[in-house]
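This is what each chain is made of:
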There are 4 protein chains.
Amino acid sequence: MEPKPSKTWRERLQEIIFESNTAAGKAFDVALLFAILGSILVVMLDSVTHYHRLYGVLFFRLEWAFTLLFTLEYLLRLISIRRPIRYIVSPLGLIDLLAIVPSYLSIFYVGAQSLLVLRALRLLRVFRIFKLTHFLTEIEFLSVAIRASLKKISIFMLTVLMLVTILGSVMYLVEDRQNGFSSIPESIYWAIVTITTVGYGDISPVTPLGKFISSIVMLIGYGIIAVPTGIITNEIAAAARNKNHSSESCPSCGREGHDADAVFCKFCGHHL
Amino acid sequence: MEPKPSKTWRERLQEIIFESNTAAGKAFDVALLFAILGSILVVMLDSVTHYHRLYGVLFFRLEWAFTLLFTLEYLLRLISIRRPIRYIVSPLGLIDLLAIVPSYLSIFYVGAQSLLVLRALRLLRVFRIFKLTHFLTEIEFLSVAIRASLKKISIFMLTVLMLVTILGSVMYLVEDRQNGFSSIPESIYWAIVTITTVGYGDISPVTPLGKFISSIVMLIGYGIIAVPTGIITNEIAAAARNKNHSSESCPSCGREGHDADAVFCKFCGHHL
Amino acid sequence: MEPKPSKTWRERLQEIIFESNTAAGKAFDVALLFAILGSILVVMLDSVTHYHRLYGVLFFRLEWAFTLLFTLEYLLRLISIRRPIRYIVSPLGLIDLLAIVPSYLSIFYVGAQSLLVLRALRLLRVFRIFKLTHFLTEIEFLSVAIRASLKKISIFMLTVLMLVTILGSVMYLVEDRQNGFSSIPESIYWAIVTITTVGYGDISPVTPLGKFISSIVMLIGYGIIAVPTGIITNEIAAAARNKNHSSESCPSCGREGHDADAVFCKFCGHHL
Amino acid sequence: MEPKPSKTWRERLQEIIFESNTAAGKAFDVALLFAILGSILVVMLDSVTHYHRLYGVLFFRLEWAFTLLFTLEYLLRLISIRRPIRYIVSPLGLIDLLAIVPSYLSIFYVGAQSLLVLRALRLLRVFRIFKLTHFLTEIEFLSVAIRASLKKISIFMLTVLMLVTILGSVMYLVEDRQNGFSSIPESIYWAIVTITTVGYGDISPVTPLGKFISSIVMLIGYGIIAVPTGIITNEIAAAARNKNHSSESCPSCGREGHDADAVFCKFCGHHL
C-alpha cells in the first residue's frame, strides 16, 4: 500500500482510478458515484412521458454529457491499466462499455438510445465504493455468511425449481387452457408466482381441483421459506461466533472458547 | 428523580407534562393517550361518507374540541419547558403542531381540514406512554437488538434498492409500454411490488421474456428475505446473551463483560 | 389419576366426557372428533350449490342428526359436571352451544340455519384431543416458546397497527378518493394488505406520490417480518436449551452447563 | 462396495442401473438425468401453441423416442432387480411407469398424450443423482434438520388448516355470496390465499366487517410464519451442533456424544 517513490504517471493514474486507498482515489470514486447516480436519474426522468415532453432537449444533452464523461473515464481506465484486455472482458468492464455504447449506436440506429437504461447496471459499482466506508466490516461479515450458505441455498433453490416444474405441469393438466394456464411454461410461471407468495392474480385457478392444488402450493410456499431463513440465520450466527471468539487454546489448561479480547484464560487464569 | 423541596409552578408543570415518574405525570400521559385515540377515531369516522352524513356536525364540533384541547396542551408545553424553541423544532413538537394547525387553517382555506388526518402521527406518543408500563424491558430489549442490526439492515435495504433499480430498468426495456411498464420509475415500483412478494397485480408481465425475468425477481425476493431475518434473529440472541452475561466486575481490575462461566478475569487473570 | 374405588355414575360420566386418561375417555374423545369433522363436512358440502341441489334433503337430515347428537352430548356434559354454570359460560361451553342453537332457531326463523357454519369453531376441540397423542411434548414445547414471546410479539403487533394507521391516513390524504382510498378505515385496510405483503390488488395506488409511499410501506413490511421471526426463533432456542440442559452445578468444581443425561461432571470428572 | 469376483450379468446390470458407486453406474445416472430433462423440455415446448405449430411433428417423434428409451430402461430395471414387484409398486417405480404409459394409451385414446406432462415427476430422480455429487453432505444435513422438525411443523400446519377452516366459515357467513365467497370450501380457499400472504385478489372482501376480519387473518398470517421459521432455524442449529460435537468415544465406557469442551466422560467420569 505504501506508494513507491518513483512512480510513472500511469501508475499514479491507475492508483486514482482503480484503487481507493489514496485521497485522490477516494475523491475519484465518490465523484464517479455521483456521476452514475446523476446519469441514471436523467434516464429515469426522461422515460416519464410528462417530463420527456417538458425537458426532452435538456435530458438529451445531459445524456450526451454523461456519455462523453463515461467515455473519457473508460479510455483513462484502458490506458492506465497494465492489462486493458482483462479489464474490457471483466463484468465491470463490460458494464462500463454498455453504459456508453447505446448513445453512439443511436447515431446510426434510431431507438438504440432506449438501451441507455442499462446504465442502471453501473450501480453495481456502488458496492465497491461502499467498501471504502465504515460499512466494510458489515459487508464482509454478511458476504462471509452468504457465501457459507450458498451451497445449501442452491439446493433449496433447485428443489423449488423442481417443485414448480412438477406443480406447474400438474396444474396445466388440471386447469382449462382458457383460465390462463395456456402452456406448461405459463403454468410454471404461475407456480412461481404462487409458491413465492407474490400472487399477482393475473393467472389464478378456477376449477375446484385447481383451487385445491393451489392451496397445497401456497401452504408449501408459506412453509418452506423457513428453510433458507434457517440456513442464513445459522451462517450469520457462525460468522458472528468466529469474529468474537479467538480459536486460541490456553497454554496452561488447554481449554478453548476465550473471547477475542481475552488476555488471561478464563478457566485457570493463565496468561494466554 | 427525587423532587427537590423548593419547586416553582413551572417545574411542577414540566414534571407533569414532560415526565412520567410522578403520579400526576402518569395520569397526564394516560389522559393524553385517550385524547389522541379519541381524536383519531373522530377523524376516521368522519372520513366515512355514511357516518359523515349522519353525524357530520357532531364530528365537526368534536374535532374543534380536540383542537382546543391540544392547543392548550401545546401552550402548556411551551410555557413549562425551559427551552421552548428546542421543543418546537423537535420531531414530536412538530407533530404536536401539525395536529392543531389544520383546524385553524380551515377557517381561511376550505379543505385544509383534510390535513387533520395527520393527527394519526400523534400515535407515535403511544410509545412514550408504553415505556411507563411493564413493557419497558421488552421495548428496550427489542430496540437494542434493532439498533445493533441497523447497519447490516441498511446495507441489505441498499442492495434491495439497487436490485429493484436494475431489474426495473431491465423490465422497462423488455416489456411493452402498454403493459403498465410505462416509465422506469413505474417499472421500479413494479419491481418493489414483486421483490417484496406483495404482488398487487396492477402491473404484471405479459411477454414470455418479461415473465421469465419476473420469475427470477420473485425467487430473489423469496430468498433474500432470509438475510434481514437472520440478522435480526442473531442480534436478538446477542441481546439476550448480554442480559444473561455476568454483570460481575473483576475485583482486581474492575472490568466487566465476563462470560457467565468464567472463573478468572479474562483481562488481568485475577480470580473472580 | 388413580380412580377411587367408590365412584358414582356421575363421576364416571364426567371421567369419560371431560377427561381422557381412561380408555373410555379416549374413545369418547376420538368419537367426538369424528362427529365434529363429519358435521363440518356436511355443512361445507351443503354450502356448495351443486351438492345442495343433489343431496339437500340428505344434508338436512344429517345436520339434524348431528344437532341431536351434540345436544345429547351437551346435556350429558351439563349433568355430569359439578359446576355446570362454569362450563356453560366457558369459551368451549359457548362454542358447544353455538353448534346446536342454530338448528333449533331455524324452526322459528328461516335462515338461522346458515349460522350452522359456526360448527367449525368446534374444531378447537381438536387441540384437546391432540394433547392425548404423542404430539403432547411438541405442543407443550411450542406453546412454552410462544407464551414466552407473547409480550414482545404484542409490542410488535401494536407497532404494526400504529404504522398502518399512520400510513393509511397519509395515503388517504395523498390518493384520490376515486382510487379506492375512499375513507381512512379503507386506507388502513389497504395498508394492512400491503404491509403484510398480501397484496390483493383490490385497492392499489395510482398517483406517483401514492406509489412512492406504497413502495416504502412494502419495504417496511418486507423488512419488519424479521422481528417476530427473530423473537420466536430465540424463544424456541431457549425452550430447547431448558429441555436439554440440566441446571445442576458440579458439587466438586461448581461449574454448570452439563447435559441432562450427564452422570459425571464433564470438567472435573466428579460424580454429579 | 468391493465388487465380488464372480458376478452374473444381472448383478452387473443392477449395479449400473440401481447403484451409483461404480463408474458405469454414475454414467448411467447422468445420462438418465439428461434424458429426463430433455423429455420434459420437449413436452414443455410442445405445450406452447406457437412452437407446437412449427415443430409439432418433430416433438411428436422425440416424445416417442423418449418413450421407447424409457420403456427400455423400465424393462431393464424389471429384469435386473431381484424383486421386480417391489420396484413396480414403489413410488419411483410408479412414476417411471407413468412417464411411458400415456404414449401407449394415446394410440387407443386420443388425448391421453396430454398426460405426458406427468414426466415432470421423473424430476424427483434428480435428487438421487444429486446425492452422488459433492452436495451429498449438504442434502443430508438439511434433511436431518427437516426430518427433526417434521412433527412440530405438522402441528403448525394442522393449526393453520384449522384456522383457515374456522376463518373461512366465518367469512362465508359475513360476506355476501356474490362477492366470491360462494361456498365454504371457496371461503377456505380464500382464507388460505390470505393467510399465506399470496393474495391473488380473485376473491377479496367487500363489506366493512369482511375487511376487518380479513385484516385480522392477514396479521395472523404475517405473524405465524415466524413459527415454522423458528422451528427450522433451531433444528438446523442443532444439526450443526451435532456435526461439531466431538465424535470422540470415551476410552473407558466407549460412549459418545460428549461436548467439544468436555475433559471427562460425562457418563463414567473417565478422562477423555
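Residues numbered from 1 in each chain as written. Chains lettered and ligands numbered in written order. Predicted model: local features only at pLDDT ≥ 70, side-chain atom pairs only at ≥ 80, totals over all residues. Heavy atoms only, no water.

Thoughts on the overall build of chain A
Phase 1 of the analysis: Within chain A, the regular secondary structure consists of 11 helices and zero strands.
Phase 2 of the analysis: Start at the N end of chain A and walk to the C end: the helices and strands fall as α-α-α-α-α-α-α-α-α-α-α.
Phase 3 of the analysis: Across the 272 residues in chain A, those meeting the buried criterion constitute 50%.
Phase 4 of the analysis: For chain A, the share of sequence-separated contacts (at least 6 apart) that also reach a separation of at least 24 residues comes to 51%.
Phase 5 of the analysis: Summed over its atoms, the accessible surface of chain A is roughly 13,200 Å², and 68% of this surface lies on carbon and sulfur atoms. (Helix = DSSP H or I, 4+ residues; strand = E, 2+ residues; numbered from the N terminus. Buried < 20%, exposed > 50% of the residue type's maximum accessible area, 1.4 Å probe, protein only. Contact = heavy atoms within 4.5 Å. Areas by Shrake-Rupley, 256 points an atom, 1.4 Å probe, with all protein chains shown as cover.)

Some words on the UniProt feature "transmembrane region" (unreviewed entry) in chain A
Residue and element names in this part refer to chain A.
Phase 1 of the analysis: The sites that UniProt annotates as "transmembrane region" (unreviewed entry) are residues 30–48, 54–76, 88–109, 153–174 and 212–233.
Phase 2 of the analysis: With 95% helix and 0% strand, residues 30–48 has end C-alpha atoms that lie 28 Å from one another.
Phase 3 of the analysis: Between the end C-alpha atoms of residues 212–233 the distance is 33 Å, and the span holds 95% helix and 0% strand. (UniProt positions renumbered as here; feature names shortened; annotations may be inferred.)

Some words on unusual backbone geometry
Residues and elements named next belong to chain C.
Phase 1 of the analysis: Positioned with a positive phi, T197 is a non-glycine residue whose angle comes to about 60°.
Phase 2 of the analysis: With respect to the helices and strands, the residue T197 is situated in the loop between α10 (184–195) and α11 (208–224).
Phase 3 of the analysis: Under the relative-accessibility criterion, T197 is labelled buried at 7%.

Examining the relation of the copies chain B and chain C
Phase 1 of the analysis: Relative to chain C, chain B is turned by 90° and slid 0.0 Å along the rotation axis, the superposed coordinates differing by an RMSD of 0.1 Å. Expressed as an axis order, the relation between the two copies is that of a four-fold axis.
Phase 2 of the analysis: Little of the interface of chain B is mirrored in chain C, where only 15% of its interface residues again form contacts. (Least-squares fit on C-alpha atoms with pLDDT ≥ 70 in both.)

Details of the domain arrangement of chain A
Phase 1 of the analysis: One can read the domain layout of chain A as domain 1 (9–131) and domain 2 (146–242).
Phase 2 of the analysis: Once you take the C-alpha centre of each, domain 1 of chain A and domain 2 of chain A turn out to be 37 Å apart. (Domains from an automatic or database assignment.)

Considerations on the pattern of salt bridges
Side-chain pairs of opposite charge can arise where the charged atoms are in close proximity.
Phase 1 of the analysis: Summed over the entire model, instances satisfying the criterion amount to 24 salt bridges over all chains.
Phase 2 of the analysis: The residue R122 of chain B makes a salt bridge to E73 of chain B at a minimum N-O spacing of 2.9 Å. Within this pair, whereas R122 of chain B is found in the loop between α6 (101–108) and α7 (125–130), its partner E73 of chain B is found in helix α3 (residues 49–80), the two being separated by 49 residues in sequence. Of the two residues, R122 of chain B and E73 of chain B, neither departs from the other in class, the shared state being buried.
Phase 3 of the analysis: As a salt-bridge pair, K152 of chain D and E235 of chain D come within 3.3 Å of each other at their nearest N and O atoms. With a gap of 83 residues between them, K152 of chain D in helix α8 (residues 136–174) and E235 of chain D in helix α11 (residues 226–244) connect regions that are remote in the sequence. Each member of the pair, K152 of chain D as well as E235 of chain D, is classed as buried.
Phase 4 of the analysis: Connected through salt bridges with shared partners, the residues E73, R77, D96 and R122 of chain A form a single ionic network. (Salt bridge = Lys/Arg side-chain N within 4 Å of Asp/Glu carboxyl O.)

A closer look at the interface of chain B and chain C
Phase 1 of the analysis: At the junction of the two partners, chain B supplies 48 residues and chain C supplies 43 residues.
Phase 2 of the analysis: A buried area of about 3,900 Å², summed over both sides, lies between chain B and chain C, and 76% of it is on carbon and sulfur atoms.
Phase 3 of the analysis: The interface formed by chain B and chain C holds one salt bridge in total.
Phase 4 of the analysis: Notably, a salt bridge pairs E186 of chain B with K211 of chain C, separated by 2.2 Å at the nearest N-O pair.
Phase 5 of the analysis: Taken together, the links from chain B to chain C amount to seven residue pairs in polar contact (both at pLDDT 80 or more).
Phase 6 of the analysis: Looking at the side of chain B that touches chain C, the elements with two or more residues in it are α2 (23–47), α7, α8 (136–174), α9 (184–195), α10 (208–224) and α11 (226–244) of chain B.
Phase 7 of the analysis: Ranked by residues supplied to the side of chain B that touches chain C, first place goes to α8 of chain B with nine residues. (Buried area = accessible area lost by both parts, 1.4 Å probe. Polar contact = N/O pair within 3.5 Å; in protein donor to acceptor, adjacent residues only side chain to side chain.)

Quick look at the environment of I88 of chain B
Residue and element names in this part refer to chain B.
Phase 1 of the analysis: Tracing the chain through its elements places I88 in helix α4 (residues 84–89).
Phase 2 of the analysis: Assessed through its relative accessible area of 26%, I88 is described here as partly exposed.
Phase 3 of the analysis: Along the chain, I88 and R77 lie 11 residues apart, while their C-alpha atoms are 9.5 Å from each other.

Some words on empty space enclosed by the protein
Phase 1 of the analysis: The full count for this structure, using the stated rule, is nine cavities of 30 Å³ or more.
Phase 2 of the analysis: Considered as a void within the structure, the largest cavity measures approximately 320 Å³ in volume.
Phase 3 of the analysis: The wall of the largest cavity is formed by 25 residues, among which I225 of chain A, I225 of chain B, T197 and I225 of chain C together with I225 of chain D lie closest to the centre.
Phase 4 of the analysis: Within the residue set of the lining of the largest cavity, elements represented by two or more residues are α10 (208–224) of chain A, α10 of chain B, α11 of chain C together with α10 (208–224) and α11 of chain D. (1 Å grid on protein atoms, 1.4 Å probe; cavity = no way out; pocket = protein on both sides within 12 Å on 5 of 7 lines; lining within 4 Å. Points joined across faces, edges and corners; volume = space filled by probe spheres on them.)

Concerning a positive patch on the surface
Phase 1 of the analysis: A cluster of basic residues, R10, R82, R83 and R86 of chain A, forms a positive patch at the surface.
Phase 2 of the analysis: Residue placement: R83 of chain A occurs in the loop between α3 (49–80) and α4 (84–89). (Patch = residues over 30% accessible without salt bridge, like charges linked within 9 Å, V, L, I, M, F, W, Y side chains within 5 Å. Lys, Arg positive; Asp, Glu negative; His and termini not counted. Charge placed at Lys NZ, Arg CZ, Asp CG, Glu CD.)

Points about the environment of V30 of chain B
All names here are of chain B.
Phase 1 of the analysis: Residue position: V30 is located in helix α2.
Phase 2 of the analysis: We classify V30 as partly exposed; its relative accessible area is 38%.
Phase 3 of the analysis: In sequence terms V30 and T49 are 19 residues apart; their C-alpha atoms lie 31 Å from each other.

Description of helix α5 (residues 91–98) of chain B
Phase 1 of the analysis: Along α5 of chain B, the residues that are buried comprise G93, I95 and D96 of chain B. Within α5 of chain B, the buried residues cover an arc of 160° as seen down the axis, which keeps them to one side. (Arc of directions from axis to C-beta.)

Comments concerning a nonpolar patch on the surface
Residue and element names in this part refer to chain B.
Phase 1 of the analysis: Side chains of L41, L45, Y51, L54, Y55, L58 and L62 sit close together on the surface and give an oily, nonpolar patch of about 620 Å² of accessible area.
Phase 2 of the analysis: Of all the elements in the fold, those that place two or more residues in the nonpolar patch are α2 and α3.
Phase 3 of the analysis: In terms of residues, the nonpolar patch owes the most to one element, α3, which gives five residues.
Phase 4 of the analysis: Positionally, L62 belongs in helix α3.

Remarks on the packing of helix α9 (residues 150–174) of chain C against α10 of chain C
Residue and element names in this part refer to chain C.
Phase 1 of the analysis: Across the interface, α9 lies against α10 with an axial gap of 8 Å and an inter-helix angle of 120°. By the criterion of interaxial angle, the relationship of α9 to α10 is oblique. In this structure, α9 meets α10 at a crossing whose hand is right-handed. In this structure, α9 contributes V160, L163, V164, T165, L167, G168, S169, M171 and Y172 to the contact, and α10 contributes I184, S187, I188, W190, A191, I192 and I195.
Phase 2 of the analysis: Looking at the contact of α9 with α10, its residues break down into 12 nonpolar, four polar and no charged. (Axes fitted to C-alpha atoms, helices over the stretch in contact; angles between N-to-C directions. Parallel < 35°, antiparallel > 145°, perpendicular 65-115°, else oblique. Left-handed = near helix turned anticlockwise from the far one by under 90°. Nonpolar A, V, L, I, M, F, W, Y, C, P; charged D, E, K, R; others polar.)

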